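# Coordinate inspection notes
As a plain string of letters, each chain reads:
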Amino acid sequence: MPREGPRITTPEEFYRALFGRCKDCILTITTLPDSAVRHYSADQLDQYIKDILRLGQNTNTYHNVNPRYMGIGEHGRGRSADVSHLCTVHADFDISGPAHSEQDLPKSPEDILALLEELPLKPTVVVNTGYGIHAYWILYQPVYIEDGDIRSLAERTLSGLGNFFIERSRAHGWKLDNVFDLARMLRAPGSNNFKLDAPVQ
């Protein structure tokens with residue numbers, strides 16, 4: 001079940017809601033354009049948050065949506081097979097404008113929020129990335145991916161959600177990229193977006 005509780009309004013609250021119940025796993029930060037990868041154990045969550053907020057002031061910064069197994073290679077971001085927990089399901093919407101020239105995209109954040117409002121199960125968190133919207137449905141309890149059956153179920157769940165949103169977006173005349181995978185890295189809440197010349201929070 002998606003997490004219920006106090007409203008999440010800060011990046012710190014977001015990361016604690018997302019990863020605060022995880023044990024024995026790795027959290028990952030990636031920055032661009034240097035393609036640097038940084039890994040943190042679950043008990044280093046405070047440092048993980050501090051580094052996202054610090055790095056994100058000066059460079060494009062991305063976080064793992066779901067954590068990885070202990071022992072992941074030092075420089076690798078991780079693949080689906082490396083994901084240790086399902087903490088959330090997510091959706092990623094681009095907005096037509098200077099950063100995305102395609103015309104078959106939502107025209108404003110309000111367009112996407114109206115679509116999300118149509119759903120019977122509202123997101124736990126909605127993040128404005130500057131040029132798009134990320135929606136998260138954070139699970140109340142992370143699901144430990146201990147075998148192939150659970151991994152397959154997690155992958156099918158994300159794939160099904162992706163197909164649902166692709167079809168729902170098509171009904172609005174929008175194109176939606178299929179980015180519904182376990183190992184997805186998304187732009188980190190609390191960072192700046194440097195896709196264009198002027199940074200956008």
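Just above, that's the structure.
The present account deals with the structure reproduced in this document. (Residues numbered from 1 in each chain as written. Predicted model: local features only at pLDDT ≥ 70, side-chain atom pairs only at ≥ 80, totals over all residues. Heavy atoms only, no water.)

Now for the packing of aromatic side chains. Within this structure, the stated rule accounts for 9 aromatic pairs. Relative to Y144, the ring of Y69 has its centre 6.5 Å away and its plane inclined at 90°; by these criteria the two rings are edge-to-face. On the criterion of sequence distance, the pair formed by Y69 in strand 4 (residues 68–69) and Y144 in strand 7 (residues 132–144) is long-range, its members being 75 residues apart. Relative accessible area serves as the criterion here: at 25%, Y69 is assigned to the partly exposed category. For the pair W137 and F165, a centre-to-centre distance of 5.7 Å together with 40° between the ring planes defines the contact as tilted. Of this pair, W137 sits in strand 7 while F165 sits in helix 4 (residues 148–171), placing them 28 residues apart in sequence. Take W137 and F165: they sit in the same class, and that class is buried. Grouping aromatic residues by their ring pairs yields a cluster made of F14, Y15, F19, Y40, Y48 and Y136. Its guanidinium or amino end placed over the ring of Y140, R21 lies 4.8 Å from that ring's centre, counting from NZ or CZ. (Phe/Tyr/Trp six-rings, centres within 6.5 Å; stacked < 30°, edge-to-face > 60°. Helix = DSSP H or I, 4+ residues; strand = E, 2+ residues; numbered from the N terminus. Buried < 20%, exposed > 50% of the residue type's maximum accessible area, 1.4 Å probe, protein only. Lys NZ or Arg CZ within 6 Å of the ring centre and 35° of its normal.)

This part takes up the sheet that holds strand 7. A sheet is described by the order of its strands in space; here 3 strands give the open sequence 5-7-6, paired in antiparallel fashion. With partners counted over all chains shown, the strands left at the sheet margins are strand 5 (85–94) and strand 6 (125–128), one partner each. The mean inter-strand angle of the sheet, taken between neighbouring strand axes irrespective of direction, is 20°. Across 4 bridges, the pairing between strand 6 and strand 7 is antiparallel. Each residue of the ladder has a partner; that of V126, found in strand 7, is A135. Against the sheet, helix 4 touches strand 5 and strand 7, its axis set at about 20° to strand 5. (Pairing = 2+ DSSP bridges. Axes fitted to C-alpha atoms, helices over the stretch in contact; angles between N-to-C directions. Contact = heavy atoms within 4.5 Å.)

What follows concerns the pattern of salt bridges. Enumeration according to the criterion identifies 6 salt bridges in this entry. Taking the shortest distance from any N to any O, the salt bridge between D82 and R79 comes out at 3.7 Å. Of the residues examined, R79 reaches a relative accessible area of 59% and is grouped as exposed. Between D181 and R184 there is a salt bridge, with the nearest N and O atoms lying 2.7 Å from each other. (Salt bridge = Lys/Arg side-chain N within 4 Å of Asp/Glu carboxyl O.)

Moving on, we get to the environment of G132. Take G132: it is sitting in strand 7. Taking the C-alpha atoms as reference, G132 lies 28 Å from L153; in sequence the two are 21 residues apart.

Here we come to the pairing of strand 6. On strand 6, burial follows the alternation: V125 and V127 on one face are buried, whereas V126 and N128 on the facing-out side are not. Here strand 6 hands over to strand 7 after 3 residues, with G130 in that stretch at a positive phi of 105°.

The next point concerns the state of the cysteines. Linking two cysteines covalently via their sulfur atoms produces the bond known as a disulfide. Considering all chains together, one arrives at 0 disulfides under this definition. Counting only cysteine sulfurs, C22 is the nearest neighbor of C25, a cysteine outside any disulfide, at a range of 4.5 Å. (Disulfide = S-S within 2.5 Å.)

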